[in-house]
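One letter stands for each residue in the lines below.
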Amino acid sequence: QVQLVESGGGLVQTGDSLRLSCAASGRTFSSYVMGWFRQAPGKERDLVAAIRWSGGVTYYADSMKGRFTISRDNAKNTVYLQMNSLKPEDTAVYYCAADRSPVSYNWPYDYAYWGQGTQVTVSS
């Protein structure tokens, strides 16, 4: 059974940094794509970044480039999202997702597995 467990969210101030973690278990993820999505109240779930576990190739949504960095630790089976210079508009629930071969990295419905989410709140 695939499990994705996010952690690292919290309440921070504008300009702060946070690192989110997604611990993956239940199968071998070497052939998977891992994604970080976020969803603010009343808005759609949007891709932040994705990474192909094998090889570490990364992909970022255009609006997320520059302040966010996705990475993975093979030994720990964990994917990270480093977020810098946080802004109030970054406030959202951040979700980790996994799929063997999403048709589109941006489309949440292409990901089969999801974590429960972690709240990030950025105060002004």
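This text gives an overview of the structure that appears in the document. As the structure is a prediction and not an experimental result, all values here were calculated from the model.

## Brief notes about the nonpolar core
Counting 31 residues, the largest nonpolar core has L4, F29, M34, W36, L81, M83 and Y94 as the members making the most contacts within it. Among the secondary structure elements, those contributing two or more residues to this core are β3 (18-25), β4 (33-39), β5 (45-52), β7 (68-73), β8 (78-83), β9 (92-99) and β11 (118-123). Grouped together as the second largest cluster of nonpolar side chains are six residues, V33, L47, A50 and A97 included.

## Observations concerning the environment of G66
Along the chain, the position of G66 falls in the loop between β6 (58-60) and β7. By relative accessible area, G66 is classed as exposed at 77%. G66 sits 37 residues away from V103 along the chain, and the two C-alpha atoms are 25 Å apart.

## Some words on the state of the cysteines
Working definition: the covalent bond between the sulfur atoms of two cysteines is a disulfide. One pass over the full model with this rule turns up one disulfide. One disulfide bridge connects C22 with C96, the sulfur atoms lying 2.1 Å from each other. The chirality of the disulfide connecting C22 with C96 is left-handed, given an S-S dihedral of about -75°. You can see C22 sitting in strand β3 and its partner C96 sitting in strand β9, a full 74 residues away along the chain.

What counts and how
- Residues numbered from 1 in each chain as written.
- Predicted model: local features only at pLDDT ≥ 70, side-chain atom pairs only at ≥ 80, totals over all residues.
- Heavy atoms only, no water.
- Core = buried A, V, L, I, M, F, W, Y, C linked by side-chain atoms within 4.5 Å.
- Buried < 20%, exposed > 50% of the residue type's maximum accessible area, 1.4 Å probe, protein only.
- Helix = DSSP H or I, 4+ residues; strand = E, 2+ residues; numbered from the N terminus.
- Disulfide = S-S within 2.5 Å.

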